[in-house]
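An overview of the molecular structure
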Amino acid sequence: MARKKKVVIVDQELTPTVLATKKEKKGSVIWILFIFIIFIGVVIYLPDIAVYVEDYLNPQVDVPNTPSNPNGNNPDDSDDSSDIKVNEYQLVDGLTIDVDGIITLSNIAIANNQISFSINNISNQMLDLAEYNYFMNLYNANNTLVQRVMVSDEVIPNGGRTDLTYDIVDSNISSISFAEVNEEDYPAHVVQADESGNATLSCVRNYETVNYLLTDNKVYSIQDVFIVPVTDVNYNTLYSSYQALAATYNTIGGINSNVTVVNNALNFTTNINLDTVNANSFNSKIYYPKNTDAKIMNFELEAQGYTCND
């Protein structure tokens, strides 16, 4: 006989009977969302992560990208004119230097604070040195640059020769070099200017002072001044020559030139306004066209024996 289940009656308000209860945890939803976000991030940044892992497992040493420098110059050297490197030759008897298969130098000699040499045209045509910027560098026994000489403009016929002589500041020269230097390779030279950008580069040699008036470091006017003491043996000759030259200059628009005597000294002053005057029309290597950069005047005049100061 089947056993009867005892029924217990509870004298309370009826309540629903719950067979099973599953309690949801809010934290589990957040974790699922977090994992989903990480998954998406991994997919998006997978290429970058791969690169990072590869670099970490196989590190490589970076090699600086140093520009090629066939002359062996240190690119971090100061912008001094002595940084321009060329082949040097010991100054010995019978030295002959071939320059680019165009010219040769010979008969090189130093005496009485002067250097002399011959330039021989070995090309098959007439050679105008005005088309080149040839410089001779002079070094002492310590291989220190003593002086740079800018070669004057000469026209040499095919197979011809010209003999040149220049004053030098030191006769203790052990080696020389000779090469063309392009203007873009001249060392920078910035003249300190006022608030308006105006400045003056002054270059002096013997009785002459050349003042280059600059704006934004470029020339716009030139003042050339000669002051000759009355005691100079050539005083009278120079006086007549300067008067004739001043008269010629004053016929050109944009030029003002005059000769005066002040404190027993001859003063020959010429002012050239480059706005109206073409400096190339002068037969002078120290008169430059308007907007020529100060670095060109400074470099070339010092190679012609001038001392330049800002």
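Everything here concerns the structure above.
Computed from a predicted model, the values in this text were never measured in an experiment. (Residues numbered from 1 in each chain as written. Predicted model: local features only at pLDDT ≥ 70, side-chain atom pairs only at ≥ 80, totals over all residues. Heavy atoms only, no water.)

1. Thoughts on the side chain of Asn120
Its location among the elements puts Asn120 in strand β4 (residues 114-121). Discounting chain neighbours no more than four positions away, the residues touching Asn120 are Ile102, Ile103, Thr104, Leu105, Ser106, Gly160 and Arg161. (Helix = DSSP H or I, 4+ residues; strand = E, 2+ residues; numbered from the N terminus. Contact = heavy atoms within 4.5 Å.)

2. Focus: the nonpolar core
Formed by 39 residues in total, the largest nonpolar core has its most connected members in Leu201, Tyr212, Leu214, Ile222, Ile272, Tyr287 and Leu301. Taken together, the elements giving at least two residues each to this core come down to β11 (198-205), β12 (208-215), β13 (218-229), α3 (235-249), β14 (255-261), β15 (265-273) and α4 (294-302). When residues of this core are assigned to their parent elements, the largest contribution, 5 residues, is made by α4. Counting residues in hydrophobic clusters, the runner-up holds 24 residues, among them Leu127, Leu129, Ile168 and Ile173. (Core = buried A, V, L, I, M, F, W, Y, C linked by side-chain atoms within 4.5 Å. Buried < 20%, exposed > 50% of the residue type's maximum accessible area, 1.4 Å probe, protein only.)

3. Side note on the pairing of strand β7 (residues 145-150)
Note: strand β6 (residues 134-139) against β7, 5 bridges, orientation antiparallel. Bridge pairing in β7 places Leu138 opposite Gln147. (Pairing = 2+ DSSP bridges.)

4. Quick look at the environment of Ile227
As for its position among the elements, Ile227 is in strand β13. Residue classification places Ile227 among the partly exposed residues on the basis of a relative accessible area of 41%. Ignoring any residue separated from it by four or fewer positions in sequence, one finds Ile227 in contact with Tyr207, Ala265, Leu266 and Asn267.

5. Here we look at the sheet that holds strand β16 (residues 307-309)
Pairing is antiparallel in the open sheet, where 6 strands are placed in the order β14-β15-β13-β12-β11-β16. Here the strands that pair on one side only, and so sit at the sheet edges, are β14 and β16. Adjacent strand axes in the sheet meet at a mean angle of 15° when their direction is disregarded. Here 7 bridges tie β14 to β15, and the two strands are oriented antiparallel to one another. From the neighbouring strand, Asn258 faces β15, where its bridge partner is Thr269. (Axes fitted to C-alpha atoms, helices over the stretch in contact; angles between N-to-C directions.)

6. So, the state of the cysteines
Two cysteines joined by a covalent bond between their sulfur atoms form a disulfide. Here the structure, examined in full by the defined rule, presents 1 disulfide. Between the sulfur atoms of Cys203 and its disulfide mate Cys308 the distance is 2.1 Å. Torsion about the S-S bond of the Cys203 and Cys308 cystine: about 110°, corresponding to right-handed handedness. One end of the pair, Cys203, is in strand β11; the other, Cys308, is in strand β16, with 105 residues separating them in the sequence. (Disulfide = S-S within 2.5 Å.)

7. Concerning the pattern of salt bridges
Per the counting criterion, the structure on display carries 4 salt bridges. Here Lys285 ties to Asp153 by a salt bridge, and the two come within 3.2 Å at their closest N and O atoms. Highlighted residues: Lys285 in the loop between β15 and α4 and Asp153 in the loop between β7 and β8 (155-156), separated in sequence by 132 residues. Using a relative accessible area of 27% as the deciding quantity, one classes Lys285 as partly exposed. Given the relative accessible area of 36%, Asp153 is considered partly exposed. Taking the shortest distance from any N to any O, the salt bridge between Asp293 and Lys218 comes out at 3.5 Å. With Asp293 in the loop between β15 and α4 and Lys218 in strand β13, this pair connects stretches of sequence that are 75 residues apart. What makes Lys218 partly exposed here is its relative accessible area of 32%. (Salt bridge = Lys/Arg side-chain N within 4 Å of Asp/Glu carboxyl O.)

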